[in-house]
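Take a look at the letters that make up each chain.
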Amino acid sequence: MSNYLDSWRELPAAQQPEWPDRGELDKVVAELSVLPPLVFAGECDNLKAELAAVTRGEAFVLQGGDCAETFAGATADDVRNKLKTLLQMAIVLTYAGRVPVVKIGRMAGQFAKPRSKGTEVRNGVELPAYRGDMVNGFDFTPESRIPNPERLLRAYHSSSVTLNLVRAFTKGGYADLRQVHAWNQDFVSESPAGKRYERLAREIDQALAFMHACGADPAEFHGVEFYSSHEALILDYDRALTRVDSRTGEPYDVSAHMVWIGERTRQLDSAHVEFFSRIRNPIGVKLGPTTTAEEALALVDKLNPDNEPGRLTFITRMGASKIREHLPSLVEKVTANGAQIAWICDPMHGNTFEAPSGHKTRRLDDVLDEVAGFFEVHRELGTHPGGIHIEFTGDDVTECVGGAYEIAEDDLALRYETACDPRLNRSQSLDMAFRVAELYRSS
């Protein structure tokens, strides 16, 4: 089995750190390889079954969280705020969109980021680029930017803390549907989206009271299934956390329920695609506007040769100006081939620009326009718009412009806190949820 899982080592692997001491990396990898799993294979199979329902057009995916998690963010308050925002979005989509929602967080493992350049220059000083807390530090100093294998262990332990908190919140009463008002208490008075959510919460209260009067109180009302995901970028980390399931004898990457391959690392003959072909988790692939149908179908053949529903998700990231042009032929040809694929829209990564202040940002209108284009394409083709994949935070940051509670470019410096790309704040996230619910109902 070891040779089977290590075939990727013979292939080119993009976006890997230049570790200064390979022996130190080997020690860390050996330690990781005997640590307990962060998730269980059976949970991965449960998510695969839910994604199979998405593939059949019976459910919708809400996948979101930080662009890049930080070790400092693995606190109860930070995790609760992100979870609360995702739960509120899911409530809007479920109730207003009238569709079951599969909830997947970019959480408990999203500690590494691909970079377009290997170095960063400030005031004439050139240092290695920040590649996420799993690899090096955010501070712009030579010491901070040296890749450090010990950070792989910190990523594991931070992921463990985050997952423990998520499980406590989702199973310990916090995710009970009777909490729909409590999730909003600190928010409704200040935000147009919060006020709209509160009206929806009152309707849910009335529905719950009616069902209770009828004697109905299903277990699904008192907790939620929540799954973790991340881009499996640093292959040494994800390989070290791959285990053979005792039930089936199949290998699973137990660092997360779902892992995905990024746009920069999806080459068919690459180490990432080879590694992903060996594990049995549900997996995703990001597809940008240059993706051809032939490339997509080759990925299907490599990553899902048995055409198993729920196994493979394509996450399109085209940009608002390109999605209506490039997505139709991709979806049409992949569908005509009979491929069992869940289609998800990432409307964030194709819509980034630099404001005059130098801040990297996104316009909420562009993000929403890409989602609208995604729904239009699927409606015209008679295929299922399976979900959205977004970067958001539960805090009132000022990183993306627009929204009902308007953020202007001049406001970006007020609370620009991301470690990498700009995220939607809580109000903007709810704005998006209501818009997506409208699009889904009309699709």
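The structure displayed is predicted, hence computed values, not measured ones.

(A) Here's a closer look at the layout of surface pockets. In this structure, the largest pocket spans a volume of roughly 920 Å³. Arg 115, Ser 116, Lys 360, Cys 420 and Asp 421 are, among the 36 residues lining the largest pocket, the residues nearest its centre. Residues that form the lining of the largest pocket fall into these classes: nine nonpolar, eleven polar and 16 charged. Looking at the second largest pocket, its volume works out to about 670 Å³. Contributing to the lining of the second largest pocket are 26 residues, with Thr 94, Lys 103, Leu 177, Glu 220 and Phe 221 lying nearest its centre. Within the residue set of the lining of the second largest pocket, elements represented by two or more residues are helix H3 (41-55), helix H4 (76-97), strand E2 (101-106) and helix H6 (192-213).

(B) Main features of the nonpolar core. Residues Tyr 197, Leu 303, Phe 314, Leu 327, Trp 343 and Met 432 are the most contacted members of the largest nonpolar core, which totals 86 residues. Among the elements that take part in this core, H4 stands out by supplying ten residues, more than any other. Each residue touching Tyr 197, except ones within four places of it in the same chain, is listed here: Gln 88, Ile 91, Val 92, Val 180, Trp 183, Asn 184, Leu 430 and Phe 434. Residues Val 135, Tyr 156, Tyr 237 and Tyr 252 belong to the second largest nonpolar core, which totals 28 residues.

(C) Layout of the packing of aromatic side chains. Under the definition given, this model contains ten aromatic pairs. Taking the centre distance of 6.3 Å and the plane angle of 25 degrees together, the rings of Phe 60 and Phe 375 count as stacked. Here the residue Phe 60 occupies a position in strand E1 (residues 60-65), and Phe 375 occupies one in helix H11 (residues 364-381), the gap between them amounting to 315 residues. Here the two residues Phe 60 and Phe 375 agree in accessibility, since each one is buried. What links up through ring pairs into an aromatic cluster is the set Phe 60, Phe 374, Phe 375 and Tyr 440. In this structure, Arg 278 is placed above the aromatic ring of Tyr 4, and the distance from its NZ or CZ to the ring centre is 4.4 Å. In this structure, Arg 363 packs its charged tip against the face of Phe 353, placed 4.1 Å from the ring centre.

(D) Structural context of the pattern of salt bridges. Applying the stated criterion across every chain, the model contains 36 salt bridges. Between Glu 120 and Arg 122 there is a salt bridge; the shortest N-O distance is 2.7 Å. Among the salt bridges present, the one from Glu 274 reaches Lys 302, with a minimum N-O distance of 2.7 Å. With Glu 274 in helix H8 (residues 271-278) and Lys 302 in helix H9 (residues 293-303), this pair connects stretches of sequence that are 28 residues apart. Judged by relative accessible area, which is 30%, Lys 302 ranks as partly exposed. Through salt bridges with shared partners, a single ionic network connects Asp 6, Arg 9, Arg 22, Asp 26, Asp 236 and Arg 239.

(E) Structural context of a nonpolar patch on the surface. Taken together, the side chains of Met 1, Tyr 4 and Val 244 present a nonpolar region at the surface, about 280 Å² in accessible area. Mapped onto the elements of the fold, Met 1 is located in the segment before helix H1 (2-5).

Conventions and cut-offs
Residues numbered from 1 in each chain as written. Predicted model: local features only at pLDDT ≥ 70, side-chain atom pairs only at ≥ 80, totals over all residues. Heavy atoms only, no water. 1 Å grid on protein atoms, 1.4 Å probe; cavity = no way out; pocket = protein on both sides within 12 Å on 5 of 7 lines; lining within 4 Å. Points joined across faces, edges and corners; volume = space filled by probe spheres on them. Nonpolar A, V, L, I, M, F, W, Y, C, P; charged D, E, K, R; others polar. Helix = DSSP H or I, 4+ residues; strand = E, 2+ residues; numbered from the N terminus. Core = buried A, V, L, I, M, F, W, Y, C linked by side-chain atoms within 4.5 Å. Buried < 20%, exposed > 50% of the residue type's maximum accessible area, 1.4 Å probe, protein only. Contact = heavy atoms within 4.5 Å. Phe/Tyr/Trp six-rings, centres within 6.5 Å; stacked < 30°, edge-to-face > 60°. Lys NZ or Arg CZ within 6 Å of the ring centre and 35° of its normal. Salt bridge = Lys/Arg side-chain N within 4 Å of Asp/Glu carboxyl O. Patch = residues over 30% accessible without salt bridge, like charges linked within 9 Å, V, L, I, M, F, W, Y side chains within 5 Å. Areas by Shrake-Rupley, 256 points an atom, 1.4 Å probe, with all protein chains shown as cover.

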